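# Topology and contacts: notes
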Amino acid sequence: MELEWHQLEMPYASLRAHSRDRQRRLRLCLEENGQRQPIVVVPEREAPGRYVVIDGHQRIAALRRL
C-alpha cells in the first residue's frame with residue numbers, strides 16, 4: 001500500500017529517543033539505497049483514509065528531510 005504524507009498521523013513520535021548522528025546515518029542510507037523496510041501503520045478509527053504510524057517514525061523524519 002502506498003500512502004501520501006497527509007494521510008499519516010504520528011501521535012507517538014515524541015516517545016522515541018532521538019539521535020542526530022543516527023538520523024544523519026539513516027538519511028544517508030535512505031538516500032543511497034531507498035526505503036527497504038516499510039513503515040507499520042493502522043487505520044485511524046475516527047478519520048477514514050488516515051493512518052496512525054506504529055513503527056517507522058525515524059524513517060519518516062529522515063525521508064521528509066530528503
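Overview of the structure. (Residues numbered from 1 in each chain as written. Predicted model: local features only at pLDDT ≥ 70, side-chain atom pairs only at ≥ 80, totals over all residues. Heavy atoms only, no water.)

## Quick notes on helix H2 (residues 57–65)
Here is the rule we go by: Buried means the residue's accessible area, taken with a 1.4 Å probe over protein chains only, is under 20% of the maximum for its type, while exposed means over 50%, and partly exposed covers the values in between. Strands here mean DSSP runs of E at least two residues long; helices mean DSSP runs of H or I at least four residues long; both are numbered from the N terminus. Residue contacts follow a heavy-atom distance rule, with two residues in contact if any of their heavy atoms lie within 4.5 Å.
Listed in full, the buried residues belonging to H2 are His57, Gln58, Arg59, Ile60 and Ala62. Residues of H2 that are buried make contact with strand S1 (8–9), helix H1 (20–33) and strand S3 (51–55).

## Overview of the side chain of glutamine 23
Inspection of the secondary structure puts glutamine 23 in helix H1. You can call glutamine 23 buried: its relative accessible area is 10%. The residues contacting glutamine 23, other than those within four sequence positions of it, are Gln58, Ala61 and Ala62.

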